[in-house]
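# Residue-level structure breakdown
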Amino acid sequence: MRDQQLFDKIDLHLIRVLHTVLTERSVSRAALKLGMYQPAVSASLKRLRELAGDPLLVRSGAGMVPTDAGLRMVEPSASILRAAQVLFSDARGFEPQADATTFRVAAADYLDPHFLPQLVSQVKSLAPRSQIEIHPLTAASDYHAQLAQGEVDVVVGNWLKPPEELHLGKLFSDRIVCMVSSEHPAVKRGWTQEGWLEAEHIAPTPTHPGARGVIDEYLEGLGLVRNITARCPHFGLLPRMVASSLLVLTTGRQFCERYASMLPVQILECPVPFPDLVYYQLWHERTHQSAAGRWLRERIKGVAASLKPA
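This section reports on the structure supplied with the text. (Residues numbered from 1 in each chain as written. Predicted model: local features only at pLDDT ≥ 70, side-chain atom pairs only at ≥ 80, totals over all residues. Heavy atoms only, no water.)

It is worth spelling out the nonpolar core at this point. In terms of nonpolar packing, the biggest core is built from 41 residues, with Phe-115, Val-156, Trp-191, Trp-196 and Ile-300 touching the most fellow members. With seven residues, helix α13 (residues 291-306) is the largest single contributor of residues to this core. Apart from residues lying up to four places away in sequence, Val-156 is in contact with Val-105, Ala-106, Ala-107, Ala-108, Leu-111, Phe-115, Leu-137, Leu-171, Tyr-280, Gln-281 and Ile-300. Membership of the second largest hydrophobic core comes to 16 residues, among which are Ala-230, Cys-232, Cys-256 and Leu-263. (Core = buried A, V, L, I, M, F, W, Y, C linked by side-chain atoms within 4.5 Å. Buried < 20%, exposed > 50% of the residue type's maximum accessible area, 1.4 Å probe, protein only. Helix = DSSP H or I, 4+ residues; strand = E, 2+ residues; numbered from the N terminus. Contact = heavy atoms within 4.5 Å.)

Here's what the structure looks like:
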């Protein structure tokens, strides 16, 4: 009976105030984000404190921080708000021009460099009231949990073997090539597999010990190891590092071609017979029937198709 009485005192607006106050860690900033007057947010926070039997947010120096109880409420409150959004938006369908929806996309930065800018541009053009969040996709990302919990709606990347337990849509495939400076000796004399392995390579920084990308994962399966002498966590900076050194970048041709006319670099065939890189979008059963989710996946598919080189 007590739990039912407590539940009857909680409405969706109160949950929204709770989540915003806890994530903003400020009543005044929460008021701005919610479009409310600060006294109204303070009154709602007072109600929440009474219901929780906990202060939820306390002073710490010049700012405020959530209590342990408050921290435990951040994800459950976000989950409730996401579920409510899906519940009502799917009941009436998704209207891009009218609906205020937040889209969350996790994508690797080794995609075509035009992909994310054009996706954001198209989403904002066709769904002007929407918000779009781009999340990094790294080897350390638990994208299964992120998709299941609604932290992201779609994951875009490549895998040697894509996960079978998620919904999957193929976007495009790409040949693996090498990018080198125009001054690299291999431009004139070419190279053998042994020469390529011994050359100095640049690769993304591993996000945790033992992490490998698809290039090194495939090489390991062949019993081969390349000579990586430089690493950088920002894939988009690698072409400029290659242009001013004798380093070798091995990745998809589509990515490399975007820089070939901008930098003094050359694209060379790789002497190791790699399979094509295949890029996919992945999503969870949770959003499989969602009208907004389907709309987002169609935008992703369309942008990926439009970027294919002639």
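As a further point, take the sheet that holds strand β12 (residues 277-283). With mixed pairing, the five strands of this open sheet are ordered in space as β4-β3-β5-β12-β6. One side of each edge strand has no neighbouring strand; the edge strands of this open sheet are β4 (131-136) and β6 (167-174). Averaged over all adjacent pairs, the angle separating strand axes in this sheet is 20°, with direction ignored. In this sheet, β12 lies alongside strand β5 (residues 154-158) in antiparallel orientation, the contact comprising four bridges. By the bridge assignment, Gly-157 is partnered in β12 with Tyr-280. Contacts between helix α6 (residues 115-126) and the sheet are confined to β3 (102-107), β4 and β5, with β4 contributing the most and set at about 160° to the helix. The strands touched by α13 are β3, β5, β6 and β12; relative to β3, the strand with the most contacts, the crossing angle is about 45°. (Pairing = 2+ DSSP bridges. Axes fitted to C-alpha atoms, helices over the stretch in contact; angles between N-to-C directions.)

Our focus in this paragraph is helix α4 (residues 38-52). Here α4 spans 21 Å end to end across 15 residues, near enough to the 21 Å set by a 1.5 Å rise per residue. Among the residues of α4, those classed as buried are Val-41, Ser-44, Leu-45 and Leu-48. Down the axis of α4, the buried side of the element spans an arc of 105°, and every buried residue falls inside it. Along α4, the residues that are exposed and aim more than 90 degrees away from the buried face are Pro-39, Lys-46 and Glu-50. (Expected span 1.5 Å × (residues − 1). Arc of directions from axis to C-beta.)

This part takes up the sheet that holds strand β7 (residues 176-181). The strand order across the open sheet built from three strands is β10-β7-β11, with neighbouring strands paired in antiparallel fashion. A single partner strand is all that each edge strand has here, and the edge strands are β10 (249-252) and β11 (265-269). Strand after strand, the sheet turns through a mean of 40° between neighbouring axes, direction not considered. Here β7 runs beside β10; their pairing, made up of four bridges, is antiparallel. By the bridge assignment for β10, Ile-176 is matched with Gly-252.

This paragraph deals with unusual backbone geometry. Although it is not a glycine, Arg-25 adopts a positive phi angle of roughly 55°. By the element assignment, Arg-25 lies in the loop between α2 (12-24) and α3 (27-34). The class for Arg-25 is partly exposed, based on a relative accessible area of 38%. Although it is not a glycine, Leu-56 adopts a positive phi angle of roughly 65°. Tracing the sequence through the fold places Leu-56 in the loop between α4 and β1 (57-60).

As a further point, take the pattern of salt bridges. This model, assessed by the stated rule, comprises nine salt bridges. Lys-33 serves as the salt-bridge partner of Glu-24, at 3.4 Å between the closest nitrogen and oxygen. For Lys-33, a relative accessible area of 57% translates into the label exposed. The closest approach of N and O atoms between Arg-104 and Glu-133, which form a salt bridge, is 3.5 Å. Of the two residues, Arg-104 sits in strand β3 while Glu-133 sits in strand β4, which places them 29 residues apart along the sequence. (Salt bridge = Lys/Arg side-chain N within 4 Å of Asp/Glu carboxyl O.)

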